[in-house]
Amino acid sequence: MTGTIQVKQVTIGEGMPKICVPIVGTTAAELKEEAEALKLLDADVVEWRVDFFDQVENIEAVQAALADIRHIIPGLPLVFTFRSAREGGEKEIPAEYYAELNRMAAGTGLADLIDVELFTGDDTVKSLVDYAHQHGVYVIISNHDFQKTPPKEEIISRLEQARELGGDLPKIALMPADARDVLTLLEATYAMKEKYPGSPVITMSMAGTGMISRIAGEVFGSALTFGSAKKASAPGQVPVSELRSMLELVHRSL
């Protein structure tokens with residue numbers, strides 16, 4: 001995959017990293033409240049972390065909630081994400097239902113992007129990528145490790161695998177043991193930027209130690225970063241207003 005990603009009025013992979021804000025309500029009412037609150041935030045992209053939703057195993061309820069969110073924020077790019085427990089999410093669901101959820105989100109046109117986990121299985125990932133693309137929906141292919149940071153070569157390999165599977169935005173998020181791990185993540189990000197210029201990726205090192213990776217994307221090559229609104233969906237997320245100021249400071253310095 002090459003080139004920037006244009007979603008509504010947002011161009012991912014150009015200029016400052018775009019800010020994505022997760023919404024993590026457990027009920028339909030909470031989700032509506034969070035979506036309304038987004039109107040007051042300076043977010044570029046919204047991610048619905050559907051694994052937090054207490055009716056996630058009822059696909060009709062999921063679709064209804066997704067439609068409500070879309071109605072409240074029609075102009076913001078919306079990412080549909082079920083994060084599995086093995087990759088830091090709230091729960092596990094059968095692989096068949098995971099695929100069904102993502103097909104629903106893409107096929108209804110209610111989501112602009114879906115997030116598909118890299119290690120779901122190549123056949124499933126390829127099938128979901130093809131289905132999403134047929135419906136004009138972009139695909140983030142992601143990998144999360146809340147325990148460790150693998151070597152630079154492995155990080156690059158996973159990001160390249162996501163590209164080869166057809167992902168529009170390869171993504172990796174890793175937990176550092178120390179500052180050296182953060183440098184490893186940044187080196188891998190920059191290597192991808194050099195090898196595939198103009199092809200955006202999303203990378204981050206988590207927790208407080210890795211916070212620098214969330215604001216230095218324009219330097220090293222990460223095209224999107226995550227900021228918190230009401231509740232962080234991962235360790236190390238910075239409140240949106242503070243994050244915007246930091247990104248602008250870096251941008252002005254380049």
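Just so it is clear, the structure is predicted and the values come from calculations on it, not from any experiment.

Calculation rules
Residues numbered from 1 in each chain as written. Predicted model: local features only at pLDDT ≥ 70, side-chain atom pairs only at ≥ 80, totals over all residues. Heavy atoms only, no water. Helix = DSSP H or I, 4+ residues; strand = E, 2+ residues; numbered from the N terminus. 1 Å grid on protein atoms, 1.4 Å probe; cavity = no way out; pocket = protein on both sides within 12 Å on 5 of 7 lines; lining within 4 Å. Points joined across faces, edges and corners; volume = space filled by probe spheres on them. UniProt positions renumbered as here; feature names shortened; annotations may be inferred. Buried < 20%, exposed > 50% of the residue type's maximum accessible area, 1.4 Å probe, protein only. Contact = heavy atoms within 4.5 Å. Polar contact = N/O pair within 3.5 Å; in protein donor to acceptor, adjacent residues only side chain to side chain. Arc of directions from axis to C-beta. Axes fitted to C-alpha atoms, helices over the stretch in contact; angles between N-to-C directions. Parallel < 35°, antiparallel > 145°, perpendicular 65-115°, else oblique. Left-handed = near helix turned anticlockwise from the far one by under 90°. Salt bridge = Lys/Arg side-chain N within 4 Å of Asp/Glu carboxyl O. Expected span 1.5 Å × (residues − 1). Pairing = 2+ DSSP bridges.

**Remarks on unusual backbone geometry**
If you check the backbone angles, Lys8 has positive phi at about 55° while not being a glycine. Within the element layout of this structure, Lys8 appears in the loop between strand E1 (5-7) and strand E2 (10-12). One non-glycine residue, Ala207, lies in the positive phi region at around 65°. Within the secondary structure, Ala207 sits in the loop between strand E9 (202-205) and helix H7 (211-215).

**Here's the deal with the layout of surface pockets**
In this approach a probe as big as a water molecule rolls over the atoms, and the regions it shows empty are the leftover space. Space inside the largest pocket adds up to approximately 240 Å³. Lining the largest pocket we find 17 residues, and of these Gly13, Glu14, Lys193, Gly221 and Ala223 sit closest to its centre.

**Some points on the UniProt feature "binding site: 3-dehydroquinate" (unreviewed entry) in the protein**
Here the UniProt-annotated "binding site: 3-dehydroquinate" (unreviewed entry) positions come out as Glu47, Trp48, Arg49, Arg83, Arg214, Ser233 and Gln237. For the second largest cavity, the lining residues among the annotations just cited are Arg214. Here Arg214 shows up in helix H7.

**Observations regarding the UniProt feature "active site" (unreviewed entry) in the protein**
What UniProt calls "active site" (unreviewed entry) maps, in this numbering, to His144 and Lys171. On the basis of their most widely separated C-alpha atoms, the annotated residues across 28 residues gather in one place, lying no more than 8.4 Å apart. Position of His144 relative to the elements: it lies in strand E7 (residues 138-145). Of the residues examined, His144 reaches a relative accessible area of 8% and is grouped as buried. For His144, the residues in contact, after removing those within four places along its chain, are Arg83, Glu87, Lys171 and Ala173. There is a polar contact of 3.4 Å between the side chain of His144 and the side chain of Arg83.

**Some words on helix H1 (residues 28-38)**
Within the span of H1, buried status applies to Leu31, Glu34, Ala35 and Leu38. All buried residues of H1 fall inside an arc of 100° around its axis, so they share one side. Residues of H1 that are buried in the fold lie against strand E3 (18-23), strand E4 (45-49) and helix H2 (59-72).

**Some remarks on the packing of helix H3 (residues 95-107) against helix H4 (residues 122-134)**
The geometry of H3 relative to H4 is characterised by a closest axis approach of 9 Å and an angle of 15° between their N-to-C directions. Between H3 and H4, the crossing angle belongs to the class labelled roughly parallel. Along this stretch, H3 crosses H4, giving a crossing that reads as right-handed. For the pair H3 and H4, contact is made by Tyr98, Ala99, Asn102, Arg103, Ala106 and Gly107 and by Thr124, Leu128, Tyr131 and Ala132, respectively.

**Quick word on the pattern of salt bridges**
Under the criterion given, the structure shown has 14 salt bridges. Asp42 is the partner of Arg244 in a salt bridge, and the nearest nitrogen-oxygen pair spans 3.0 Å. Of this pair, Arg244 sits in helix H9 (residues 240-253) while Asp42 sits in the loop between H1 and E4, and the two are 202 residues apart along the sequence. The buried category is assigned to Arg244, whose relative accessible area is 10%.

**Some words on H2**
For an α-helix, 3.6 residues make a turn, and residues three or four places apart therefore share a direction. The end-to-end C-alpha separation of H2 is 20 Å, in line with the 20 Å expected for 14 residues at 1.5 Å each. Within H2 the residues assigned to the buried category are Ile59, Ala61, Val62, Ala65, Leu66, Ile69, Arg70 and Ile72. Elements in contact with the buried residues of H2: E3, H1, E4, strand E5 (78-81) and H3.

**Some points on the sheet that holds E7**
Two strands in a sheet stick together by hydrogen bonds in their backbones, pointing the same way (parallel) or opposite ways (antiparallel). Strand order in the open sheet formed by 9 strands is E9-E8-E7-E6-E5-E4-E3-E10-E11, and the pairing between neighbours is parallel. Of all the strands in the sheet, just E9 and strand E11 (238-239) have a single pairing partner and so form its edges. Of the pairings in the sheet, the one linking strand E6 (residues 113-117) to E7 comprises 5 bridges and is parallel in character. Residue pairing in the sheet places Ile114 in a bridge with Val139 of E7. In the packing of H1 onto the sheet, the strands contacted are E3 and E4, and the crossing angle to E3 comes to about 155°.

**Re the side chain of Thr203**
Locating Thr203 in the fold gives a position in strand E9. Looking at Thr203, its side chain comes within polar contact range of the side chain of Thr189, at 2.7 Å. Other than its neighbours up to four places away in sequence, Thr203 contacts Leu159, Ile172, Leu185, Thr189, Ser213 and Ser222.

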